[in-house]
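Spelled out from the first residue to the last, the chains are:
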Amino acid sequence: MIASRRYILKAGAGLLVAGITTETARAAFDRYVLDSGRGAFAWFESRSGKKRTWTAVLISRAGGDGPDGALYKPVVLVWTTSFNAKKGKVQRVAFGAADDGRCRVSASSDLTEASTDGTIRVWDAVKDDSYTLSISMSWTQDGSKRSLSFDETYSPEPDDAYNARFQLRGDQRRAKATGEVLRGNANLTPKAAKEAFIGDFDSARATFTYP
């Protein structure tokens, strides 16, 4: 993953115009651009005392491009962070992509259901370590079909230099999403998603940024 790092290298007046701070300008990022096709998205939050775990999952039946080259369909992207809200300490920020059969992906043509299962290799930007997550997740529609214009950025409260931005356009149905993202025996998604939908994406982009 380190070899795939890209850096934002804007300077001077360009930073001000773009609204980018000097700290952000030195950040590394991995960007994934997916081809048009059906898929689903879910964002989860779990709490244990002052500990927070946020996990985002984006699945697509299409292929696309990543920092290391082409992605072969289907594609699953995962970003997860754990932090202590009391101590103000980020413990983990990990992300990665699985393609070419490592994860199975389904999304119905009427956008009423979707699912994924398999394994995904992630890199932890805090610990500079790689490990494998196991994923098994399903989506069930919970609303009528409507247009999708989704642009959200998630970052752990103690340090927004770590963040994940998802930009999705097309059509969607709101959905309920449940399942497991396992790091060893620890389930990072023990509760239903707080944000979830099944979509027919005209465009889909995910950018993972870290110091």
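**Student:** What am I meant to see in the pattern of salt bridges here?
**Tutor:** Any two side chains of opposite charge can pair, so long as their charged atoms come close to each other. Applying the stated criterion to the full structure yields seven salt bridges. The residue K194 makes a salt bridge to E45 at a minimum N-O spacing of 2.8 Å. With a gap of 149 residues between them, K194 in the loop between β13 (186-187) and β14 (195-210) and E45 in strand β3 (residues 37-48) connect regions that are remote in the sequence. A salt bridge links E195 to R174, with the shortest nitrogen-to-oxygen separation between them at 2.8 Å. Here E195, found in strand β14, pairs with R174, found in strand β12 (residues 163-183); they are 21 residues apart in sequence, far enough to count as distant. Overlapping salt bridges bring together E45, R47 and K194 as one network.

**Student:** Got a minute to help me understand the nonpolar core in this structure?
**Tutor:** Side chains of a nonpolar character, in soluble globular proteins, are inclined to be buried together. Counting 32 residues, the largest nonpolar core has F41, F166, L168 and F208 as its most contacted members. For this core, the element with the most residues is β14, which contributes six residues. Setting aside anything within four residues of it in sequence, one finds F166 in contact with F41, A56, L58, F150, D151, E152, Y154, R205, A206 and F208. Of all hydrophobic cores here, the second largest spans 28 residues; its members include V57, M137, A177 and I198.

Here is what the cut-offs are and how they apply
- Residues numbered from 1 in each chain as written.
- Predicted model: local features only at pLDDT ≥ 70, side-chain atom pairs only at ≥ 80, totals over all residues.
- Heavy atoms only, no water.
- Salt bridge = Lys/Arg side-chain N within 4 Å of Asp/Glu carboxyl O.
- Helix = DSSP H or I, 4+ residues; strand = E, 2+ residues; numbered from the N terminus.
- Core = buried A, V, L, I, M, F, W, Y, C linked by side-chain atoms within 4.5 Å.
- Buried < 20%, exposed > 50% of the residue type's maximum accessible area, 1.4 Å probe, protein only.
- Contact = heavy atoms within 4.5 Å.

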